[in-house]
Every structure is written in structure tokens, then in C-alpha cells.
Amino acid sequence: MGAERARPEPVAAQEEAALRSDTARAVGFSDAVFAIIITVLVLELNPPEVHPGGMGHLLLEQWPTYLAYVTSYLWVAVGWLNHKGTFHRIRSTDRGLHWWNLGVLFSTALLPFATVVVSRSVQAGDRADETVAVVLYAAVGVVLSAAWLGLYHYLSRHEDLLQERVPARFFAVERGRAVLGICAYAVAALVGWLGAVPVALVIFLLLPPFYALSSNGFYDLRRRLRRHR
């Protein structure tokens, strides 16, 4: 008897395989979005219109704008580093991963708007507006952290998308970093709503350095700390 003819794959499986792709397009598109967000952030740094001799004083008065810019720039930079570290561990993409990636980009793109609101409110000095602005910025932070949580959770459930060298629990552990961000921003919103606006601003400023230190992954950070004990 001749060799049996191989059965064709089901149509659904063929369509799913066709939808999968390498990560190049997703990474390229995401890098472009991060670059645009940073460009939009810097557009808010406008020189003041002053009479001769008053430039130095008015530049100093714009300190809330500088602080807001630095905080949000660090967030975008850390987001880019985390994004790079995440996709470095991904072998292929599918429809669900693309949607979660778009969710991360959507929430990150809200930062310039929230940054302008905070900087202008703090510079104006109205306490009610400052409270609203801080709560708005914290809400954006919660949405951003939730988007990362969704992305990590999706990857933890789809190990077939990951590189073979990636530990099975890697993205399951990464969910803890996102949950921490949700909790920290929720606390900042509550603190700001209660009137402690400077404390909320400090929380905003401290979070990016933590995520920068763990940008290669919470799983990897814990492993390195255990090595140095």
C-alpha cells in the first residue's frame, strides 16, 4: 500500500497560524508610538513671554511644568524599557496579544494630557484644581498599570507565544509588578483627594525608578537578589 496522504489542517487552525507573526511589526509600531508620546510631552515646555530682565524669575516659576515633564518622561522611558524586555521574550504574536499591546499604548498615550493638567494646576496654585489634577494623573496610572496586568496575564496563559528559554512562571510573576502599580496609584489618588497633593506627587516620582530597576522583569530581579545574598 502507498503511504497515506497527510490530512490537511482544519481551516480554523490554518487561519490561526496565518494570523500569527513575528514580533517585528508590533515592536516597530510600538517604538513609533513611544517616540511620539515623548515628543508631545516636550511640546509643553514653552518659554514664557516676559519683559526684558524677567526671564530668570519666570523660568523658575515654571517648576511644576519641569517636574511633571520629568515624571512623565521617566514613565514613558520605563514603559519603553519594559516593553522591550517583554517582547524580547516573545517568539510570535497573535490577535489577543496585539489587542493587549494596543491597550498598553493607548493608556501610555494619555500621559501627556494628564501631565499638562497637573503642571498647570500646580502652577496656578488652586487647591481644588490640584486635587482634581492629581486624581486624574493617578487614574491614568491605574489604567496604565491595568493594561500591563492584562498583557502579562495573557502571556502567562499563552506560553506557546514565548521563547523556549523563558521560564513558565515568568509572566505570572510579572503580574505582581502591575498589581503594585495599580495599588500605588490608587493610594496616590486617595492621598491627593484628602488634600496631601505633595505626597501624591512624590509617589508619582518614586514609581518610575522602581520599574526602571525591575525593567528586565520582577522574576529576574528576585533571582539576582537571591544570588547576592
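What counts and what doesn't
Residues numbered from 1 in each chain as written. Predicted model: local features only at pLDDT ≥ 70, side-chain atom pairs only at ≥ 80, totals over all residues. Heavy atoms only, no water. Helix = DSSP H or I, 4+ residues; strand = E, 2+ residues; numbered from the N terminus. Buried < 20%, exposed > 50% of the residue type's maximum accessible area, 1.4 Å probe, protein only. Areas by Shrake-Rupley, 256 points an atom, 1.4 Å probe, with all protein chains shown as cover. Salt bridge = Lys/Arg side-chain N within 4 Å of Asp/Glu carboxyl O. Expected span 1.5 Å × (residues − 1). Arc of directions from axis to C-beta. Contact = heavy atoms within 4.5 Å. Phe/Tyr/Trp six-rings, centres within 6.5 Å; stacked < 30°, edge-to-face > 60°. pLDDT = per-residue confidence, 0-100. Axes fitted to C-alpha atoms, helices over the stretch in contact; angles between N-to-C directions. Parallel < 35°, antiparallel > 145°, perpendicular 65-115°, else oblique. Left-handed = near helix turned anticlockwise from the far one by under 90°. Nonpolar A, V, L, I, M, F, W, Y, C, P; charged D, E, K, R; others polar. Core = buried A, V, L, I, M, F, W, Y, C linked by side-chain atoms within 4.5 Å.

(A) Main features of the overall build of the chain. Of regular secondary structure, the chain possesses 10 helices and zero strands. Listing the helices and strands of the chain from first to last along the sequence gives α-α-α-α-α-α-α-α-α-α. With 229 residues in all, the chain has 40% of them scored as buried. Carbon and sulfur atoms form 65% of the exposed surface of the chain, whose accessible area is close to 13200 Å².

(B) Looking closely at the pattern of salt bridges. On inspection of all chains with the given rule, the structure shows two salt bridges. Where Arg127 meets Glu130, a salt bridge forms, and the shortest distance between an N and an O atom there is 3.3 Å. Of this pair, Arg127 and Glu130 are both found in helix 7 (residues 127-157), three residues apart, which corresponds to roughly one turn of the helix. On the basis of relative accessible area, Glu130 is assigned to the buried category, the value being 9%.

(C) Quick look at helix 2 (residues 24-42). For helix 2, with 19 residues, the first-to-last C-alpha span of 28 Å sits near the 27 Å given by 1.5 Å per residue. Along helix 2, the residues that are buried comprise Ala26, Ser30, Val33, Phe34, Ile37 and Leu41. Down the axis of helix 2, the smallest arc covering the buried residues is 100°, so these residues share one side. Residues Ala24, Arg25 and Ile36 are exposed on helix 2 and point more than 90 degrees away from its buried face. Among the structural elements, helix 4 (63-87), helix 5 (95-108) and helix 6 (111-124) are those in contact with the buried residues of helix 2.

(D) Structural view of the packing of aromatic side chains. Within the structure shown, the criterion is met by nine aromatic pairs. Here the aromatic rings of Trp75 and Tyr211 are separated by 5.4 Å at their centres, their planes lie at 35°, and the arrangement is tilted. Of the two residues, Trp75 is situated in helix 4 and Tyr211 in helix 9 (residues 197-213); the sequence distance between them amounts to 136 residues. Each member of the pair, Trp75 as well as Tyr211, is classed as buried. Of the aromatic side chains, those joined through ring pairs into one cluster are Trp75, Tyr137, Tyr185, Phe204, Phe210 and Tyr211.

(E) Quick look at the environment of Leu151. Assignment of secondary structure puts Leu151 in helix 7. Judged by relative accessible area, Leu151 falls into the buried class, the value being 0%. C-alpha separation for the pair Leu151 and Asn101, spaced 50 residues apart in sequence, amounts to 6.8 Å. For Leu151, the residues in contact, after removing those within four places along its chain, are Thr86, Leu97, Trp100, Asn101 and Val104.

(F) The arrangement of the confidence of the model for the chain in detail. Confidence in the prediction of the chain, expressed as mean pLDDT, is 83, and 78% of residues score 70 or more. Predicted confidence in the chain is weakest over helix 1 (residues 11-19), with a mean pLDDT of 52, and strongest over helix 5, with 95. Predicted confidence for residues 1-6 stays below pLDDT 50, and this span has zero contacts to residues more than four positions away or in other chains.

(G) Spotlight on the packing of helix 7 against helix 9. The contact between helix 7 and helix 9 brings their axes to 10 Å, and the two run at 25°. As far as their axial angle goes, helix 9 and helix 7 are roughly parallel. Helix 7 and helix 9 meet at a crossing whose hand is left-handed. Contact residues: helix 7 offers Arg127, Glu130, Thr131, Val134, Tyr137 and Ala138, while helix 9 offers Val197, Ala200, Leu201 and Phe204. Class assignment of the residues belonging to the contact of helix 7 with helix 9 gives a composition of seven nonpolar, one polar and two charged.

(H) Representation of the environment of Leu162. Relative to the elements of secondary structure, Leu162 occurs in the loop between helix 7 and helix 8 (170-193). Placed 73 residues apart in sequence, Leu162 and Arg89 show a C-alpha to C-alpha distance of 5.9 Å. Discounting residues that sit within four places of it in the chain, Leu162 has contacts with Arg89, Ile90, Arg91, Leu155 and Phe171.

(I) Representation of the nonpolar core in the model. Counting 47 residues, the largest nonpolar core has Trp75, Tyr137 and Phe204 as the members making the most contacts within it. Residue assignment for this core shows that the elements contributing at least two residues are helix 2, helix 4, helix 5, helix 6, helix 7, helix 8 and helix 9. Among the elements that take part in this core, helix 7 stands out by supplying 12 residues, more than any other. Look past the residues within four positions of Trp75 in its chain and what remains in contact with it is Leu111, Tyr137, Leu144, Tyr185, Phe204, Leu207, Pro208 and Tyr211.

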